[in-house]
Amino acid sequence: CHVPVSPQAFPLPSLPRKQPTVLVVCGPAQNGAIGLVCARHLRIFDYEPTIFYPKRSPDPLYQDFTTQCEKMDIPNLLPTLCVCPLKVQLINDAYNAVVDAVLGAEAEAAEGREPCAAILSTLKLIRIPIVSLDVPSGPTPRSASLGQDGTPPPPRLSPCPAQHHHGLIAWHFVAGRFLPYDVQKKFELNPPEYPGTECVVALRAPR
Amino acid sequence: QDEAQAIDQELFTEYKFSVDQLMELAGLSCATAIAKVYPPSSFTTSRPAVLVVCGPGNNGGDGLVCARHLKMFGYEPTVYYPKRPSKPLFEGLTTQCQKMDIPFLPEFPAEPALIDELYGLVVDAIFGFSFKGAVREPFGSILSTLGHITVPIASIDIPSGWDVEKGKADGLQPDMLISLTAPKKAALHFEGRFHFLGGRFVPPALQEKYALNLPPYPGTECVLQLT
């Protein structure tokens, strides 16, 4: 399942920088793996993604995702423990947007563990838009912690129909158009209708 | 044909793509192309019923994925899948379709007229670019029946039964062809109305290496209309 939301919210011609650069920050689990797949498709769509994937999963499937990205010349920032490459000003200057694929909805236990905590505190301070996959990564996903710190409202994406969310979110898309009807009914998901053959649908967009 | 096989090999061994990944993207492209040309509202049958005929290999797998996405897009696909490989990939795809209430026919409609009556479109997912040699049963009779239907046929990658490079003048004449990854030589002999490109996963470096010269896909679309 691929995730082409960035082009809908941030189409290539609208990007402020000359190069269509996007930083994709990937956590250690499934959310991070989705980020890797997203980065590969962004590359196919002619963006210039860079990945930051400091804690790699041992899962062979996710390792293959990493290889696919590397073979497509998607650079991987070195995760040196002493010097965090994620400096706020550097990010603001070099990229048009950041994809937050650090922690997903299941990640209660991982929060607070390095390097996620350091990454997340850096991301709280950046000024460029953040696109979060499934839930904004962070210790209290139900709060508006990102918005309250003055960062721009992040666009976000739900692989499954929307989880409850408060706070300043400019764009909200639902993705993951693969749920069979009986699963939707069983869990009373009531997802919105996807337009035509689109694999994402905007629940909220800025006016 | 050799080049197509070499590209595939490189995607699997060098780039570490899994068959599942590429098959999913290929099948999705096929369903998307079909939805663009034959939207559910355009069907003259009372419901947007589609017959998907799946062969014994990867082309059949593409067909199973396509059927599933067609269901998601509001069609009513029915699958005919007489020769099923006992591999987890194909068993999984079959289960996914069955769990989505996509019926699997126990036998192939005997008369072309029956197909014309029940379905608005047939998806030919029988043989792909690895096809060589003679057509084995039951596919010979199936292709013969399909040769006499009047509803449109959409072929995945290669019109089944065609020589992958030279085509087949007296073979299947589909209305639509969805070439996957890149058009094969046989596509030069395609005379149907709609030729689409799908399978938008070829890394730029690989495109260069094999001088594929693919035209650019529009925006974030996973298909490109060539004619």
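The rules behind each value
Residues numbered from 1 in each chain as written. Chains lettered and ligands numbered in written order. Predicted model: local features only at pLDDT ≥ 70, side-chain atom pairs only at ≥ 80, totals over all residues. Heavy atoms only, no water. Pairing = 2+ DSSP bridges. Helix = DSSP H or I, 4+ residues; strand = E, 2+ residues; numbered from the N terminus. Axes fitted to C-alpha atoms, helices over the stretch in contact; angles between N-to-C directions. Contact = heavy atoms within 4.5 Å. Buried area = accessible area lost by both parts, 1.4 Å probe. Salt bridge = Lys/Arg side-chain N within 4 Å of Asp/Glu carboxyl O. Polar contact = N/O pair within 3.5 Å; in protein donor to acceptor, adjacent residues only side chain to side chain.

You'll find chain B entered in an unreviewed UniProt entry as NAD(P)H-hydrate epimerase, with Amazona guildingii given as the organism.

Per an unreviewed UniProt entry, chain A goes by YJEN3 protein and derives from Amazona guildingii.

Would you take a moment to explain the sheet that holds strand S5 (residues 176-180) of chain B for this structure?
Strands in a sheet are paired, the pairing made by backbone hydrogen bonds, and the direction either parallel or antiparallel. Residues and elements named next belong to chain B. Reading across the sheet, the seven strands line up as S2-S1-S3-S4-S5-S6-S7 and stay open at both edges, with mixed pairing between neighbours. Two strands lie at the open edges of the sheet, namely strand S2 (76-80) and strand S7 (223-225), each paired on one side alone. Sheet twist, expressed as the average angle between the axes of neighbouring strands with direction ignored, equals 20°. For S5 and strand S6 (residues 194-198), the ladder comprises five bridges, and the chain directions are parallel. Its bridge partner lying in S6, Ser 179 is registered against Leu 197. Contacting strand S3 (121-125), strand S4 (153-156), S5, S6 and S7, helix H2 (residues 19-37) runs over the sheet at an angle of about 150° to S5. Here helix H3 (residues 58-72) sits on the sheet in contact with strand S1 (49-54), S2, S3, S4 and S5, set at roughly 160° to S1.

How should the interface of chain B and chain A be read in this particular structure?
How large an interface is tends to be reported as the accessible area lost when its parts come together. Listed by partner, the interface residues are 22 residues for chain B and 22 residues for chain A. Interface of chain B and chain A: buried area, both sides summed, is about 2000 Å²; carbon and sulfur atoms make up 64% of it. A per-residue breakdown of the area chain B buries against chain A is headed by B:Met72, B:Arg200 and B:Thr220, which together make up 27% of the total. Our enumeration of links across chain B and chain A arrives at one salt bridge. The salt bridge partner of A:Lys71 is B:Glu14, with a shortest N-O separation of 3.3 Å. Along the contact surface separating chain B from chain A lie six residue pairs in polar contact (both at pLDDT 80 or more). Secondary structure elements with two or more residues in the side of chain B that touches chain A: H2 and H3 of chain B.

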